[in-house]
Amino acid sequence: EKPVGMNRSEAEPVFAFAAERGLHLLAAPFVQLSPTLRELWTTIADGQIGAVHSARGLYGNPGSTWSAWFHEAGVGPLAEAGVYNLKSLTAILGPITEVFAAEAVAFAVREAEGRRIEHPDPDVSHVIARHESGALSTVTSSMAMQRYRRPGLELYGTEGTANLLGDDWDPQGLEIWRNSDGAWTCTDPIDSTWLWADGLRELVAAVTEERSPLADPAQDLHLLDVIEAARTSAREGKSVPVTSAFEPLDLRVELGAERHHLHDHTRPADDQ
């Protein structure tokens, strides 16, 4: 589950333990496995919206009343919620080299597990990240966010825009603007049954097919470095470099010509 640890020094021995024994270990979140996110990856890798220069991610919830851990364990909204966006954005745009972050407390008192938490952890986080590719991204995460209506991911390129609808752990499709088309193209999810827990399915498939899972521990460790750098930045009020990196996975999927928005879900796609 996530986070694997609060920092690299806690998480590295876990990955090493598996590697030394020839075992597979897949770390949540598994958003890079979503067929819809892989379609988004392919669209951008093919240059369909030009060079991506800016991206935005957002994910949050109202916070927990059933577990005090969310509000007093020091994990914070970025590691608990924003890590989904971080994994997606680094899968698409590559490693992060620098972060600037700020945190805030929306609820000065929390109620969880039937007791009052008088001095809860910050429940709002805003992060600006510079990627190795040169792109800038922002991630807003919160445990004080009641509701939201906007794409989970937005990517802006020199020749278009690509949005992932819904959350990256529960994608609802894509909407893409290409200057060459002069219109938005909307598509439903490739696999509407895909769930945020399908990392288990990938792990079983990898064992069965005797291959490595479509995941990289180096990326998960890099994300912990990013989160730690964001904590430092929020505390010290300055940008903080991130020195680790990883080799982005090839997430390409074949995009058939039949991909289009299904206007009428009561009829088969070839009858619309």
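In the block above lies the structure referred to throughout.
Residues numbered from 1 in each chain as written. Predicted model: local features only at pLDDT ≥ 70, side-chain atom pairs only at ≥ 80, totals over all residues. Heavy atoms only, no water.

Asker: So what exactly am I meant to see when it comes to helix 1 (residues 8-20) here?
Answerer: Residues spaced three or four apart along an α-helix face the same direction, because each turn holds 3.6 residues. Look at helix 1: 18 Å from first C-alpha to last across 13 residues, which is about the 18 Å you get at 1.5 Å a residue. Of all the positions in helix 1, only Ala11, Phe15 and Ala18 are classed as buried. Axial view of helix 1: buried residues confined to an arc of 55°, hence all on one face. Away from its buried face by more than 90 degrees, helix 1 exposes Ser9 and Glu20. Residues of helix 1 that are buried in the fold lie against helix 6 (217-236). (Helix = DSSP H or I, 4+ residues; strand = E, 2+ residues; numbered from the N terminus. Expected span 1.5 Å × (residues − 1). Buried < 20%, exposed > 50% of the residue type's maximum accessible area, 1.4 Å probe, protein only. Arc of directions from axis to C-beta. Contact = heavy atoms within 4.5 Å.)

Asker: Teacher, can you tell me more about the nonpolar core here?
Answerer: Inside soluble globular proteins, nonpolar side chains tend to come together where they are buried. Formed by 48 residues in total, the largest nonpolar core has its most connected members in Leu40, Leu86, Val99 and Leu155. With 10 residues, the single largest contributor to this core is helix 4 (residues 76-93). Beyond its immediate sequence surroundings of up to four residues, Leu86 is in contact with Leu78, Ile96, Val139, Leu223, Val226 and Ile227. Counting residues in each nonpolar core, the second largest holds five residues, with Phe15, Ala27, Leu221 and Leu224 among its members. (Core = buried A, V, L, I, M, F, W, Y, C linked by side-chain atoms within 4.5 Å.)

Asker: Sorry, what's going on with helix 2 (residues 35-45) here?
Answerer: With 10 of 11 residues buried, helix 2 lies mostly within the body of the structure. Elements that come into contact with the buried residues of helix 2 comprise strand 1 (52-60), helix 4, strand 7 (153-157), strand 8 (160-167), strand 9 (170-178) and strand 10 (183-187). Once helix 2 ends, the next one or two residues include Gly47, with phi positive near 75°.

Asker: Whenever I open this one, the pairing of strand 5 (residues 124-131) confuses me. Can you help?
Answerer: A regular strand places its side chains so that they alternate between the two faces of the sheet. Side chains Ser125, Val127, Ala129 and His131 project from strand 5 onto a buried face, and the interleaved Val124, His126, Ile128 and Arg130 project onto a face without burial. Pairing between strand 2 (residues 96-104) and strand 5: eight bridges, direction antiparallel. Within the sheet, the bridge partner assigned to Glu98 lies in strand 5 and is Arg130. The pairing of strand 5 with strand 6 (residues 136-142) spans seven bridges and is antiparallel. From the neighbouring strand, Val124 faces strand 6, where its bridge partner is Ser142. Hairpin connection from strand 5 to strand 6: four residues lie between these consecutive antiparallel strands, with Gly134 at a positive phi of about 105°. (Pairing = 2+ DSSP bridges.)

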